[in-house]
Amino acid sequence: MSTTPQDDAKRAAGEQAARLADNGMRLGLGTGSTTAYALQALGRRVVEEGLQIEGVPTSFAAERLARQVGLPLTTLDQDTHLHLAFDGADEVDPHLHLTKGRGAAQAREKVVAAQADRFVVLADDSKLVERLGTRMPLPVEVLPMAVGPVRDALERAGGRVDLRMGQRKDGPVITDQGLWVLDVHFEGGIVDPEGLNAHLNALPGVLDHGLFIGLAHQVIIGEIGGGVRMLQRA
């Protein structure tokens, strides 16, 4: 099967992340195309090396893929501590703040990332930005009955708000929690990510959102040609 240079970069990042796992670790298993390569590489390590790990998936999609490649799964109910979590990102800024949620799994992803001793982000060069919100809208997961009030609040904060609609189905996208997603566009990007993070966290009706502030410890950047480079939080 043919692959693109971007596919090769994603694979390089995913396979590098899989090398971080050691016997006995509990891992957070992220969602998305780059993280899928990490899960596949972990599955090979389980089979070929007898690697003993347990994973907590961040979405139904991640859970399904993990089972397909033979990764033992567990939950945060059984043990809240994770040694390592890895996931992709839609944007990464110079402070290693992130936007996530193109796959509508941002709430579970944030819970898992917050429980890990180390949260490692997998990306390629296309995800690096000087300012968050310049390439991707910010997803905000809301109760359906709160869409109107939350939309008004986001518009007052300078955003243009779209309800994310399903593809090949009628109606809005439904998250794993049964909620809806508002995609918020900010002209020129998000000027104050920390302030917006606090504002969103205080809005009634918002479950969670795609700003990941101060959570990433390291970013593995897959490069064209199969190399990787590391960005470390200061």
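Everything below is about the structure printed above this text.
Residues numbered from 1 in each chain as written. Predicted model: local features only at pLDDT ≥ 70, side-chain atom pairs only at ≥ 80, totals over all residues. Heavy atoms only, no water.

Draft legend 1. Just the packing of aromatic side chains, in detail. For the coordinates displayed, the defined rule picks out 1 aromatic pair. Ring geometry for Phe119 versus Phe212: centroids 6.5 Å apart, planes at 35°, classification tilted. You can see Phe119 sitting in strand β6 (residues 116-124) and its partner Phe212 sitting in strand β11 (residues 211-212), a full 93 residues away along the chain. Of the two residues, Phe119 and Phe212, both sit in the buried class. For the cation-ring pair, Lys100 lies above Phe212, with the distance from its terminal atom to the ring centre recorded as 5.6 Å. One residue, Arg108, lies across the ring of Phe60, its end atom 4.9 Å from the ring centre. (Phe/Tyr/Trp six-rings, centres within 6.5 Å; stacked < 30°, edge-to-face > 60°. Helix = DSSP H or I, 4+ residues; strand = E, 2+ residues; numbered from the N terminus. Buried < 20%, exposed > 50% of the residue type's maximum accessible area, 1.4 Å probe, protein only. Lys NZ or Arg CZ within 6 Å of the ring centre and 35° of its normal.)

Draft legend 2. Molecular detail of the environment of Met145. Relative to the helices and strands, Met145 resides in the loop between β7 (138-142) and α5 (147-156). The exposed category is assigned to Met145, whose relative accessible area is 70%. Sequence-wise, Met145 and Leu215 are 70 residues apart; in three dimensions their C-alpha atoms are separated by 30 Å.

Draft legend 3. Inspection of the sheet that holds strand β9 (residues 180-186) at higher detail. The sheet built from 4 strands is open, its strands ordered β8-β9-β7-β10 with antiparallel pairing. Edge positions in the sheet fall to β8 (159-163) and β10 (206-209), since each has one partner strand and no second. Each strand of the sheet is rotated relative to its neighbour by a mean of 30°, with strand direction disregarded. With 5 bridges connecting them, β8 and β9 associate as antiparallel partners. Within β9, the residue paired with Asp162 across the bridge is Asp183. On the sheet, helix α4 (residues 106-114) packs against β7, β9 and β10 and is oriented at approximately 70° with respect to β10. (Pairing = 2+ DSSP bridges. Axes fitted to C-alpha atoms, helices over the stretch in contact; angles between N-to-C directions. Contact = heavy atoms within 4.5 Å.)

Draft legend 4. Examining the environment of Leu84 more closely. Here Leu84 shows up in strand β3 (residues 82-88). Judged by relative accessible area, Leu84 falls into the buried class, the value being 1%. C-alpha separation for the pair Leu84 and Met25, spaced 59 residues apart in sequence, amounts to 7.5 Å.

Draft legend 5. Representation of the sheet that holds β6 within the structure. Spatial ordering of the open sheet is given by β2-β1-β3-β6-β12-β13, a layout of 6 strands whose pairing is mixed. Lying at the two open borders of the sheet, with one neighbouring strand each, are β2 (54-57) and β13 (228-232). The mean angle between the axes of side-by-side strands here comes to 25°, regardless of whether they run parallel or antiparallel. When β3 meets β6, the two strands line up parallel, connected through 6 bridges. Its bridge partner lying in β6, Ala85 is registered against Phe119. Taken strand by strand, helix α1 (residues 5-18) contacts β3, β6, β12 (218-222) and β13, and its axis lies near 165° from that of β6.

Draft legend 6. Molecular detail of the pattern of salt bridges. A full pass over the atoms with the stated rule returns 13 salt bridges. Residue Asp8 pairs with Arg11 through a salt bridge whose shortest N-O separation is 3.1 Å. With Asp8 and Arg11 both in helix α1 and 3 residues apart, this pair spans about one turn of that helix. For Asp8, a relative accessible area of 29% corresponds to the partly exposed category. For Arg11, a relative accessible area of 25% translates into the label partly exposed. Residue Lys100 is joined to Glu109 by a salt bridge in which the shortest nitrogen-to-oxygen separation is 3.3 Å. On the accessibility criterion, Lys100 (2% relative accessible area) is buried. Through salt bridges with shared partners, one network takes in Asp87, Lys100 and Glu109. (Salt bridge = Lys/Arg side-chain N within 4 Å of Asp/Glu carboxyl O.)

Draft legend 7. Seen up close, the packing of α1 against helix α2 (residues 33-49). For the pair α1 and α2, the least separation of the axes is 7 Å and the interaxial angle reads 45°. The orientation of α1 relative to α2 falls into the category oblique. Remark: the crossing between α1 and α2 carries right-handed chirality. Contact residues: Asp7, Lys10, Arg11, Ala13, Gly14, Glu15, Ala17 and Ala18 in α1; Ser33, Thr34, Tyr37, Ala38, Ala41, Leu42, Arg44 and Arg45 in α2. (Parallel < 35°, antiparallel > 145°, perpendicular 65-115°, else oblique. Left-handed = near helix turned anticlockwise from the far one by under 90°.)

These values are about where atoms sit, not about what they do.
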